[in-house]
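Inside the fold
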Amino acid sequence: MQGTVDGFSYGMVTPVTAYVMACLGAALGLRCITRSLRNAQSWKPGWLALGATSIGCGIWTMHFIAMIGFQVEESRLRYDVGLTILSLGVAILVVGLGVFAVGRYGASTKALLAAGTFTGLGVAVMHYVGMAAIRLNGSLRYDAVTVGLSVAIAIVAATAALWAAVTIRGFLASLGASLVMGIAVTGMHYTGMAAVSVHLHSKGGSWAGGSAYSLLLPMLIGPVIFLVLAGVVVMFDPLLVLGDGDWSGPAARRRPSDAPSRTPSGAPSRAPSGAPYRTPARWSGQPDSYFEAPADTGRRAHNRGSSPPRPR
């Protein structure tokens, strides 16, 4: 007997909320990864780990928020605690390995394809481990073609995410990339859910596990709090809200007191701290002076020392 599956039992509330969480995790992860790769003075492993955990938590939170809206009309649903926690660990681990791979080997085509394929397969494994945690009076069956499509979407989404992490620099560009990544990750989830059918058992039974409200909602609190704390870190780090620019260049590291001040005429009033004062080219007779000589320089030099003409 086939069960009646409803993936939108709360309407658009769960899909929209899931999408927002996926975008939040992607946005925080992209900015943290950009911070580690663009600034030579940052602690690279720490920022990469924070970015990978943000993306992994965003994907996992998206999945189980969407699962709150999943119901089978003929059976109650329970979730195995161990497999649910394992799916979170898988999400963070596979994203972390992909992020550290591109952080180590750069954005070469081979590195992106290898890391993106591995991470995408890992995200798909996370999804189906989470589905395996479901306990109900029946069994889940999957359409192979739709499952293959969901895995392909996961690989493309993971590769695009890693490419964006090492390529996109500006804040608005990262925000736009996170919105696209949210669509891809959420689309992968609902494509995988479209492959599900339920075959009900003839006799009812009892099974262990927590319901969507008693287990999933409390478990979601931890990743959500982590994403909020990661968001606070991003907000209070000025480099993470910078637009385009060279974060690791000398201009980014120069203190304001090191910049030479200039007088209204354009000449520097003093040398930068720690550097000898350089005589302007106009005074040393060299070409390429700081400013052009006045047109009446020769006339003033010829008349220097002479008395002004007496009025007639």
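**Here's the deal with the pairing of strand β6 (residues 196–200)**
Along β6, the buried face is formed by V196, V198 and L200; none of S197 and H199, which line the opposite face, is buried. In this sheet, β6 lies alongside strand β5 (residues 138–142) in antiparallel orientation, the contact comprising five bridges. Looking across to β6, one finds that L140 is bridged to V198.

**Description of the side chain of H189**
With respect to the element layout, H189 can be found in helix α6 (residues 171–194). Judged by its relative accessible area of 1%, H189 is buried.

**Re the confidence of the model for the protein chain**
For the protein chain, the average pLDDT comes to 76, and 71% of its residues sit at 70 or higher. A low-confidence stretch, residues 243–295 (pLDDT under 50), is modelled with 59 contacts involving residues beyond four sequence positions or located in other chains.

**Structural notes on the nonpolar core**
Counting 65 residues, the largest nonpolar core has I59, W60, M67, F70, Y79 and I134 as the members making the most contacts within it. Contributions of two or more residues to this core are made by α1 (13–38), α2 (44–68), α3 (81–105), α4 (109–132), α5 (144–167), α6, β6 and α7 (212–235). Considering each element in turn, this core owes the most residues, 14 residues, to α2. Sequence-distant contacts of F70, that is, excluding residues within four places in its chain, are made with V5, D6, G7, S9, L77, I134, M193 and V196.

**Digging into a nonpolar patch on the surface**
On the surface, V224, V228, V232, M235 and F236 cluster together into a nonpolar patch covering about 510 Å² of accessible area. Inspection of the secondary structure puts F236 in the loop between α7 and α8 (250–253). In this structure F236 comes out as exposed when scored by relative accessible area, which is 68%.

**Quick word on the packing of α2 against α6**
Interaxial distance between α2 and α6 falls to 10 Å at its minimum, and their mutual angle equals 40 degrees. Taken together, the axis directions place α2 and α6 in an arrangement best described as oblique. Seen from above, α2 lies across α6 with right-handed handedness. On α6, the residues touching I59, M62, H63, A66 and M67 of α2 are V185, T186, H189, Y190 and M193. By residue class, the composition of the contact of α2 with α6 is seven nonpolar, three polar and no charged.

Calculation notes
- Residues numbered from 1 in each chain as written.
- Predicted model: local features only at pLDDT ≥ 70, side-chain atom pairs only at ≥ 80, totals over all residues.
- Heavy atoms only, no water.
- Buried < 20%, exposed > 50% of the residue type's maximum accessible area, 1.4 Å probe, protein only.
- Helix = DSSP H or I, 4+ residues; strand = E, 2+ residues; numbered from the N terminus.
- Pairing = 2+ DSSP bridges.
- pLDDT = per-residue confidence, 0-100.
- Contact = heavy atoms within 4.5 Å.
- Core = buried A, V, L, I, M, F, W, Y, C linked by side-chain atoms within 4.5 Å.
- Patch = residues over 30% accessible without salt bridge, like charges linked within 9 Å, V, L, I, M, F, W, Y side chains within 5 Å.
- Areas by Shrake-Rupley, 256 points an atom, 1.4 Å probe, with all protein chains shown as cover.
- Salt bridge = Lys/Arg side-chain N within 4 Å of Asp/Glu carboxyl O.
- Axes fitted to C-alpha atoms, helices over the stretch in contact; angles between N-to-C directions.
- Parallel < 35°, antiparallel > 145°, perpendicular 65-115°, else oblique.
- Left-handed = near helix turned anticlockwise from the far one by under 90°.
- Nonpolar A, V, L, I, M, F, W, Y, C, P; charged D, E, K, R; others polar.

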